[in-house]
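# Commentary on secondary and tertiary structure
Okay, here's what each chain looks like letter by letter:
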Amino acid sequence: MDKNTENLTELVTRFYDEPEIAQVVDEIAAGDELLGRCRAPEPDSGLIAAIKGQINARLMLRERRIFHPIIQRVAVAACLMIIALIGMKLLTPTQPVAPGPAMAALNRIWADDSDPLSEGDMQFALLTAEVDEIDDSILRIRMDEWETDSESAVSELEMEIADINTDFWKG
Amino acid sequence: MDESDKLNEIVAGCKRGDSEAFSQLLDMYAGRCFGYFYRLSGKREVSNDLLSTLFIKLVEKFGSFKGGSFNSWLFTIASNIFYDYLRHQQRQKRLIDGKTAAIRSKTPPTRADIAMSDTLQMQLEKLDKDTAELLIMRFYGQFTFKELSKMRDEPIGTTLSKVHRGLKKLRGLMEAEKAKE
């Protein structure tokens, strides 16, 4: 309720005696009418537009003040999550599969071609294979299964073994 | 939709920080608040500044409005802003050299000064400050006596009596001024 809708007579009756009531009500009404006639100037439309602009700027600033910390917190939380995931990936102990001796040897041989140790292992494997082949040949000769001249074959084998030995120690 | 529902809707929009609602609120109250400041200060430039200050302050303070009469809340802030302005003026005045202040106080108002202010303004200045503010607050804030007494923290009979005497005196002063012309 504003002053235009309040019951002035009823209010005045509570505080003034009977002969004064009508006079007080009239005097208040006349005073209001006087103020109504002499209205204050209205604000310029330019001023209103400027205030609206200032209000919008303030609202945007306030919105930024509200959302900026939220965005910051979300960004920090995301960074922490990424760091935690990377950390978990790096620090979680992986279950190593214990390789058997043969697998270990094979792994060692094929692990890295440029590794000088692996290269040595490879040569060792080749040499072993050749020695095995020669042993097999000697055995066949001794059992008379070799179809060549046995004397020359033995000496040929011995020369071959001597060559291989020399090559091996050359590296 | 009546005015009260419309105001409630606008107030709810302002609470959400809706710029359109603030714009509507400004359209609704700019005239009355400007009139309130103008009648208290008598200066258009000052009223412009105070009106801007009021609505900028509203943006920041709207969260503290807990319901009840929005009109009372708005004009209480307006009143505080005006008294802050007065205090600031008084501080500035104290800084001015005493002699200059004395000369100024003796200088009669210029034609320009008079032109800036209308007759009602001049008569309002002849009333005591409390009565003048009460009349201006009631007229521009459109307050009931009950609301006014609550805002001023005084019995309703006292408020009624002050308004009655103030309006009667103002009318007398205006009629006397008219008779001089």
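Residues numbered from 1 in each chain as written. Chains lettered and ligands numbered in written order. Predicted model: local features only at pLDDT ≥ 70, side-chain atom pairs only at ≥ 80, totals over all residues. Heavy atoms only, no water.

### Section: the environment of Gly141 of chain B
- Secondary-structure assignment places Gly141 of chain B in helix H8 (residues 129–141).
- In the structure, Gly141 of chain B is positioned 66 residues away from Phe75 of chain B in sequence and 6.7 Å away in space, judged by C-alpha atoms. (Helix = DSSP H or I, 4+ residues; strand = E, 2+ residues; numbered from the N terminus.)

### So, a nonpolar patch on the surface
Residues and elements named next belong to chain A.
- On the surface, Ile82, Ile86, Leu90 and Leu91 cluster together to form a nonpolar patch covering roughly 480 Å² of accessible area.
- Within the fold, Leu91 resides in helix H3 (residues 45–91).
- We classify Leu91 as exposed; its relative accessible area is 73%. (Patch = residues over 30% accessible without salt bridge, like charges linked within 9 Å, V, L, I, M, F, W, Y side chains within 5 Å. Areas by Shrake-Rupley, 256 points an atom, 1.4 Å probe, with all protein chains shown as cover. Salt bridge = Lys/Arg side-chain N within 4 Å of Asp/Glu carboxyl O. Buried < 20%, exposed > 50% of the residue type's maximum accessible area, 1.4 Å probe, protein only.)

### Quick look at unusual backbone geometry
Residues and elements named next belong to chain B.
- Phi is positive for Gln142, which is not a glycine, with a value near 50°.
- Within the secondary structure, Gln142 is located in the loop between H8 and helix H9 (145–152).
- Overall, the relative accessible area of 24% leaves Gln142 in the partly exposed class.
- Phi at Asp153 takes a positive value of approximately 55°, unusual for a residue other than glycine.
- Note on placement: Asp153 falls in the loop between H9 and helix H10 (156–180).
- Of the residues examined, Asp153 reaches a relative accessible area of 71% and is grouped as exposed.

### Notes on the packing of aromatic side chains
Residue and element names in this part refer to chain B.
- For the coordinates displayed, the defined rule picks out 15 aromatic pairs over all chains.
- Where Phe22 meets Phe62, the ring centres are 5.6 Å apart and the plane angle is 90°; that geometry is what we call edge-to-face. Taken together, the residues span a long stretch of sequence, with Phe22 in helix H2 (residues 19–41) and Phe62 in the loop between helix H3 (44–61) and helix H4 (70–95) at a distance of 40 residues.
- With relative accessibility at 0%, the residue Phe22 sits in the buried group.
- By relative accessible area, which is 1% here, Phe62 ends up buried.
- Put simply, the rings of Phe22, Tyr29, Phe62, Phe65, Phe70 and Trp73 pair up and form one aromatic cluster. (Phe/Tyr/Trp six-rings, centres within 6.5 Å; stacked < 30°, edge-to-face > 60°.)

### A short note on the nonpolar core
- Leu25, Phe55, Phe62 and Phe70 of chain B are the most contacted members of the largest nonpolar core, which totals 71 residues.
- Counting residues per element, this core draws most heavily on H2 of chain B, which supplies twelve residues.
- Dropping the residues within four chain positions of it, Phe55 of chain B is found in contact with Ile51 and Ile55 of chain A together with Leu25, Leu26 and Tyr29 of chain B.
- Counting five residues, the second-largest nonpolar core is a separate cluster that includes Leu127, Ile134, Leu157 and Ile164 of chain A. (Core = buried A, V, L, I, M, F, W, Y, C linked by side-chain atoms within 4.5 Å. Contact = heavy atoms within 4.5 Å.)

### Considering the interface of chain B and chain A
- Taken together, the contact between chain B and chain A spans 41 residues of the former and 38 residues of the latter.
- Between Asp27 of chain B and Lys52 of chain A there is a salt bridge, and its shortest N-O distance comes to 2.9 Å.
- If you list the elements that add at least two residues to the side of chain B that touches chain A, you get H2, H3, H8, H9 and H10 of chain B.
- Among the elements that make up the side of chain B that touches chain A, the one with the highest residue count is H2 of chain B (eleven residues).
- In the side of chain B that touches chain A, the residues fall into 20 nonpolar, twelve polar and nine charged. (Nonpolar A, V, L, I, M, F, W, Y, C, P; charged D, E, K, R; others polar.)

### Structural notes on H3 of chain B
- Compared with an ideal rise of 1.5 Å per residue, which puts 18 residues at 26 Å, H3 of chain B spans 25 Å between its outermost C-alpha atoms and is within 8% of the ideal.
- Of all the positions in H3 of chain B, only Val46, Ser47, Asn48, Leu50, Leu51, Ser52, Leu54, Phe55, Ile56, Leu58 and Val59 of chain B are classed as buried. (Expected span 1.5 Å × (residues − 1).)

### Some points on the environment of Ala132 of chain B
Residues and elements named next belong to chain B.
- Along the chain, Ala132 turns up in helix H8.
- Judged by its relative accessible area of 9%, Ala132 is buried.
- In sequence terms Ala132 and Leu167 are 35 residues apart; their C-alpha atoms lie 9.2 Å from each other.
- Setting aside its immediate chain neighbours within four residues, Ala132 contacts Leu124 and Leu127.

### Some remarks on the pattern of salt bridges
All names here are of chain B.
- Applying the stated criterion to the full structure yields 13 salt bridges over all chains.
- In this structure, Glu175 and Arg171 form a salt bridge, with 3.9 Å as the shortest nitrogen-oxygen distance. Residue Glu175 and its partner Arg171 are located together in helix H10, separated by four residues, close to a single helical turn.
- The exposure class assigned to Glu175 is partly exposed, which follows from its relative accessible area of 48%.
- Classification of Arg171 as partly exposed rests on a relative accessible area of 30%.
- Close ionic contact of Lys180 with Glu177 constitutes a salt bridge, the shortest N to O distance being 3.8 Å. Placement of the pair is Lys180 and Glu177 together in helix H10, with a separation of three residues, close to one helical turn.
- The exposure class assigned to Lys180 is exposed, which follows from its relative accessible area of 65%.
- Take Glu177: its relative accessible area is 17%, and that puts it in the buried class.
- One continuous salt-bridge network, built from bridges that share partners, spans Asp130, Arg152, Glu154 and Lys162.

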